[in-house]
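Letter by letter, the chains look like this.
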Amino acid sequence: MKKDTLQFKPAPLKREEVLGRNVAIVGGTGGIGRALARELAGYGANVVVVGQTFRDADMANIGFIRADLSLMSEARRVASLLPAESLDLVIFTTGIFAAPKRQQTAEGLERDMAVSYLSRLVILQAIAPRLGTGRPAGRAKPRVFVMGYPGTGQAGALGDLNAERSYRAMGVHMNTVAGNEMLVLDGARRHKQFNVYGLNPGLIKTDIRSNFLGGSKFVFALLEGLIGLVTPTADDYAKRIAPLLVAPELEARSGALFNSKAQAILPSPGLVPAHIAAFLNESQALVARTDASQPA
């Protein structure tokens, strides 16, 4: 990752910057998403998390939408339930790694592509017209943060996004990485009523790699134990990145990408508008397969 020339250091988080703000975290029931939910809620934000298992009933200002985000029908339902009009922040953290052998959802999509990228695409597009339209006047624009691994040089391989002709786990996952960076870059150009940013947390000890290891609990525990020795925890990252989420310096910088230390980084080479448009068009065609109201 190459750093951007324009840098700033976010000021420490202040309660008054977060108190009463409305936040949605898609993927906020585990890992980094859950850590961010608890961090922001601890400063007084009203947070709604989307996922499968709710673990934070002890915090009164964290709400819950249960959903299986491997299904685009569920992503559409989530979009309809989110109070988009009142949201100040939307954070996408949900994701897995592709399995050693191809996994397919009930809707016919490769599972990593569905969970880690396409569900985000569906939700973002569905809430975009409503996002922030009912908030009090005078606030900064609503902000969308897409978590992945932007700035790492992944441009995405067109032609077989659903990995139906050939399957390589890492190749599939790198397509989700590229897709999420494109959501940021395209979103910043397309949407002027809200801002879009990308977050690259680097290597963090979470459950995200369990699928990639084929379900081996021993190997997963060993790997995550080693990772935990040399990397920050999800809670550490949440405390470090939370001030960035509300930093006033971001207001005029839609499309910016940030590394694990909240430093601005450059986009991946090759993500030019024509390539982004082709990738998103192929993505939309995959999503359209799952909508019973459209032709197969």
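A short tour of the structure in this document, coming up. (Residues numbered from 1 in each chain as written. Predicted model: local features only at pLDDT ≥ 70, side-chain atom pairs only at ≥ 80, totals over all residues. Heavy atoms only, no water.)

So, about the overall build of the protein chain. Each helix and strand in the protein chain was counted, giving eight helices and eight strands. Taking contacts inside the protein chain between residues at least 6 apart in sequence as the whole, the part at least 24 apart equals 73%. When the accessible surface of the protein chain is split by element, carbon and sulfur atoms take 56% of a total near 13000 Å². (Helix = DSSP H or I, 4+ residues; strand = E, 2+ residues; numbered from the N terminus. Contact = heavy atoms within 4.5 Å. Areas by Shrake-Rupley, 256 points an atom, 1.4 Å probe, with all protein chains shown as cover.)

What follows covers the pattern of salt bridges. Per the stated rule, a full pass over the model turns up twelve salt bridges. Arg38 is the salt-bridge partner of Asp58, the closest N and O atoms lying 3.5 Å from each other. On the criterion of sequence distance, the pair formed by Asp58 in the loop between strand S2 (46–51) and strand S3 (62–66) and Arg38 in helix H2 (residues 31–42) is long-range, its members being 20 residues apart. For Asp58, a relative accessible area of 57% translates into the label exposed. In this structure, the salt-bridge partner of Arg139 is Asp88, at a minimum N-O distance of 3.0 Å. With a gap of 51 residues between them, Arg139 in the loop between helix H4 (111–127) and strand S5 (143–147) and Asp88 in the loop between helix H3 (72–81) and strand S4 (89–92) connect regions that are remote in the sequence. (Salt bridge = Lys/Arg side-chain N within 4 Å of Asp/Glu carboxyl O. Buried < 20%, exposed > 50% of the residue type's maximum accessible area, 1.4 Å probe, protein only.)

Quick look at unusual backbone geometry now. Here the phi dihedral of Ala163 falls at roughly 50 degrees; this positive angle occurs in a residue that is not glycine. Mapping Ala163 onto the fold places it in the loop between S5 and helix H5 (169–190). Unusually for a residue other than glycine, Ala262 sits at a positive phi of about 65 degrees. Relative to the assigned elements, Ala262 resides in the loop between strand S7 (257–258) and strand S8 (264–265). Residue Ala262 is classed as buried on the basis of its relative accessible area, which comes to 5%.

Before going further, it helps to examine the side chain of Arg135. Inspection of the secondary structure puts Arg135 in the loop between H4 and S5. On the basis of relative accessible area, Arg135 is assigned to the buried category, the value being 15%. Here the side chain of Arg135 touches Asp88 through a polar contact of 2.6 Å, side chain to side chain. Of note is the side chain of Arg135, whose polar atom sits 2.5 Å from the backbone oxygen of Ala140. (Polar contact = N/O pair within 3.5 Å; in protein donor to acceptor, adjacent residues only side chain to side chain.)

On to the nonpolar core. Formed by 46 residues in total, the largest nonpolar core has its most connected members in Leu82, Leu118, Ile123 and Val144. Looking at this core, the elements that each hand over two or more residues are strand S1 (22–26), S2, H3, S4, H4, S5, H5 and helix H8 (273–289). Considering each element in turn, this core owes the most residues, nine residues, to H4. Not counting chain neighbours up to four residues away, the residues in contact with Leu118 comprise Met72, Leu109, Met113, Ser283, Leu286 and Val287. (Core = buried A, V, L, I, M, F, W, Y, C linked by side-chain atoms within 4.5 Å.)

In contact at an axis separation of 9 Å, H2 and helix H7 (residues 234–245) are set at 60 degrees when each is read in the N-to-C sense. Overall, the two elements H2 and H7 adopt an arrangement that is oblique. Judged by the twist between their axes, the crossing of H2 over H7 is right-handed. Taken together, the residues of H7 that come into contact with H2 (itself represented by Gly31, Ile32, Ala35, Leu36, Glu39 and Leu40) are Ala234, Asp235, Tyr237, Ala238, Lys239, Ile241, Ala242 and Leu245. Per-class residue counts for the contact of H2 with H7 are ten nonpolar, one polar and three charged. (Axes fitted to C-alpha atoms, helices over the stretch in contact; angles between N-to-C directions. Parallel < 35°, antiparallel > 145°, perpendicular 65-115°, else oblique. Left-handed = near helix turned anticlockwise from the far one by under 90°. Nonpolar A, V, L, I, M, F, W, Y, C, P; charged D, E, K, R; others polar.)

The next thing to look at is the sheet that holds S5. Strand pairing in a sheet relies on backbone hydrogen bonds, with the paired strands running either antiparallel or parallel. Taken in spatial order, the eight strands make up an open sheet running S3-S2-S1-S4-S5-S6-S7-S8, and their pairing is mixed. This sheet does not close on itself; its edge strands, each paired only once, are S3 and S8. In this structure, S4 lies alongside S5, joined through four bridges in parallel fashion. Residue Leu89 lies in a different strand from S5, and its bridge partner there is Arg143. (Pairing = 2+ DSSP bridges.)

In this section: the side chain of Ser70. Secondary-structure assignment places Ser70 in the loop between S3 and H3. In this structure Ser70 comes out as buried when scored by relative accessible area, which is 8%. Here the side chain of Ser70 touches Asp68 through a polar contact of 2.8 Å, side chain to side chain. Discounting chain neighbours no more than four positions away, the residues touching Ser70 are Thr105, Glu107, Ala114 and Val115.

Looking now at the environment of Gly179. With respect to the helices, strands and loops of the structure, Gly179 is situated in helix H5. On the basis of relative accessibility, which here comes to 0%, the residue Gly179 falls in the buried class. Placed 22 residues apart in sequence, Gly179 and Ala157 show a C-alpha to C-alpha distance of 10.0 Å. Residues contacting Gly179, with those up to four places away along its chain left out, are Tyr117 and Phe279.

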